[in-house]
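Okay, here's what each chain looks like letter by letter:
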Amino acid sequence: MTALPWMPRAKFLLKKFSLGCLHAANFVCAFHLFKENVGSPCLMDGPSMLPTFDASGEIAVESILSYRLFPDLVRGELVSLKSPLNPGRIVCKRVIGLAGDTICVDPTGLKAPSTEHVIVPDGHVWVAGDNTSCSIDSRDYGPVSTALIRGRIVARVYPFNRFQIFAPEVTYID
């Protein structure tokens, strides 16, 4: 039996195609591991964090690794977490209270009497959106387990003219 004249070229192309698929699979795996364990850009959408973030179109950097290495949170820090009401959704909120803090459930009085207070239990934090009138947060679902926290929001990178590195913002009232 004689080899067909196109057979060597077909073997060469099949080998190149297979190698390309293997490189693509390696890239996808590496990207996924980086995104799930180190951090990534994330699109901010929704009015709950106005004025810190616009209602849509802004891109922030989520740092997962910094939270895993240094899990101690600070009041005023921006975090990303799995929504307690919809675990398939990742939300951005500001940490208002830490374990042991006594928190006024709703200072605005919109969702609870402004005289209602709660003590944040161990292993939990109290989170809130900056735009309290449009935010679903701890006022709705109570203290959030720290196991639901994915990472810290460390910077806004888009739009470029609003670039900002976030530091915890806290105002203490005596």
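Q: Would you mind going over the overall build of the chain with me for this structure?
A: The helix and strand inventory of the chain stands at three helices and ten strands. Reading the chain from its N end, one meets helices and strands in the order α-β-β-α-β-β-β-β-β-α-β-β-β. Relative to the globule expectation of 16 Å for 174 residues, the C-alpha radius of gyration of the chain, 23 Å, shows a markedly less compact shape. Projected onto its principal axes, the C-alpha positions of the chain cover 90 × 35 × 25 Å. Within the chain, the fraction of its 174 residues that count as buried is 32%. Long-range contacts, defined here as pairs at least 24 residues apart, represent 55% of the contacts in the chain between residues at least 6 apart. A total of about 11,000 Å² of accessible surface is found on the chain, and carbon and sulfur atoms cover 65% of it. Taking the average place of the 17 positive charges on the side chains of the chain and the average place of its 16 negative ones, the gap between the two points comes to 18 Å.

Q: So what exactly am I meant to see when it comes to the pairing of strand β4 (residues 90–97) here?
A: Regular strands place side chains that alternate from one sheet face to the opposite one. Within β4, six of the eight residues are buried, leaving the element largely enclosed by the surrounding structure. In the sheet, strand β3 (residues 78–82) pairs with β4 via five bridges, with the strands oriented antiparallel. In the sheet register, V79 faces β4, and the bridge partner there is K93. Here β4 runs beside strand β7 (residues 124–128); their pairing, made up of three bridges, is antiparallel. Residue pairing for β7: G97 is matched across the bridge by W126.

Q: Is there a simple way to think about unusual backbone geometry in this case?
A: Note: most peptide bonds trans; most residues except glycine with negative phi. The omega torsion across L50 and P51 is 0 degrees, close enough to zero to call that bond cis. Here P51 lies in the loop between β1 (39–45) and β2 (56–63). A cis geometry characterises the amide bond from Y158 onward to P159, with omega recorded as 5 degrees. Tracing the backbone through its elements, the reader meets P159 in the loop between β9 (149–158) and β10 (164–165).

Q: Just checking my understanding: could you explain the layout of surface pockets for this structure?
A: The gaps left among the atoms become clear once a water-sized probe is rolled over them. Within this model, the largest pocket holds a volume of roughly 600 Å³. Forming the boundary of the largest pocket are 29 residues, of which D45, R89, I90, V91 and C92 lie nearest the centre. Secondary structure elements with two or more residues in the lining of the largest pocket: β1, β4 and β9. Among the elements that line the lining of the largest pocket, the one with the most residues is β1, at six residues. In terms of residue class, the lining of the largest pocket is made up of 15 nonpolar, seven polar and seven charged.

Q: Looking at this structure, I do not really get the packing of aromatic side chains. What am I missing?
A: What describes a pair of aromatic rings is the distance from one ring centre to the other and the angle between the planes of the rings. Tallying each qualifying case throughout the model produces three aromatic pairs. With 5.3 Å between their ring centres and 65 degrees between their planes, F53 and F166 make a pair best called edge-to-face. You can see F53 sitting in the loop between β1 and β2 and its partner F166 sitting in the segment after β10, a full 113 residues away along the chain. There is no split in this pair, since F53 and F166 are both buried. Their ring planes at 90 degrees and their centres at 5.2 Å tell us that Y158 and F160 sit as a pair that is edge-to-face.

Q: Honestly, the environment of A128 in this entry has me stumped. Any pointers?
A: Tracing the backbone through its elements, the reader meets A128 in strand β7. Judged by relative accessible area, which is 12%, A128 ranks as buried. In sequence terms A128 and R94 are 34 residues apart; their C-alpha atoms lie 5.4 Å from each other.

Q: Would you mind going over the nonpolar core with me for this structure?
A: One recurring pattern in soluble globular proteins: nonpolar side chains tend to sit buried together. Grouped together as the largest cluster of nonpolar side chains are twelve residues: Y67, L73, V79, L81, V91, V95, L98, V125, V127, Y141, V144 and I149. Those elements giving two or more residues to this core turn out to be β3, β4 and β7. Those residues in contact with V91, other than ones at most four positions away along the chain, are V79, S80, L81 and S83.

Q: I tried to follow the side chain of S80 on my own but got confused; where do I start?
A: Considering the arrangement of structural elements, one finds S80 in strand β3. According to the relative accessible area criterion, S80 is buried, its value standing at 2%.

Calculation rules
Residues numbered from 1 in each chain as written. Predicted model: local features only at pLDDT ≥ 70, side-chain atom pairs only at ≥ 80, totals over all residues. Heavy atoms only, no water. Helix = DSSP H or I, 4+ residues; strand = E, 2+ residues; numbered from the N terminus. Rg over C-alpha atoms; globule rule 2.2 N^0.38 Å. Buried < 20%, exposed > 50% of the residue type's maximum accessible area, 1.4 Å probe, protein only. Contact = heavy atoms within 4.5 Å. Areas by Shrake-Rupley, 256 points an atom, 1.4 Å probe, with all protein chains shown as cover. Lys, Arg positive; Asp, Glu negative; His and termini not counted. Charge placed at Lys NZ, Arg CZ, Asp CG, Glu CD. Pairing = 2+ DSSP bridges. 1 Å grid on protein atoms, 1.4 Å probe; cavity = no way out; pocket = protein on both sides within 12 Å on 5 of 7 lines; lining within 4 Å. Points joined across faces, edges and corners; volume = space filled by probe spheres on them. Nonpolar A, V, L, I, M, F, W, Y, C, P; charged D, E, K, R; others polar. Phe/Tyr/Trp six-rings, centres within 6.5 Å; stacked < 30°, edge-to-face > 60°. Core = buried A, V, L, I, M, F, W, Y, C linked by side-chain atoms within 4.5 Å.

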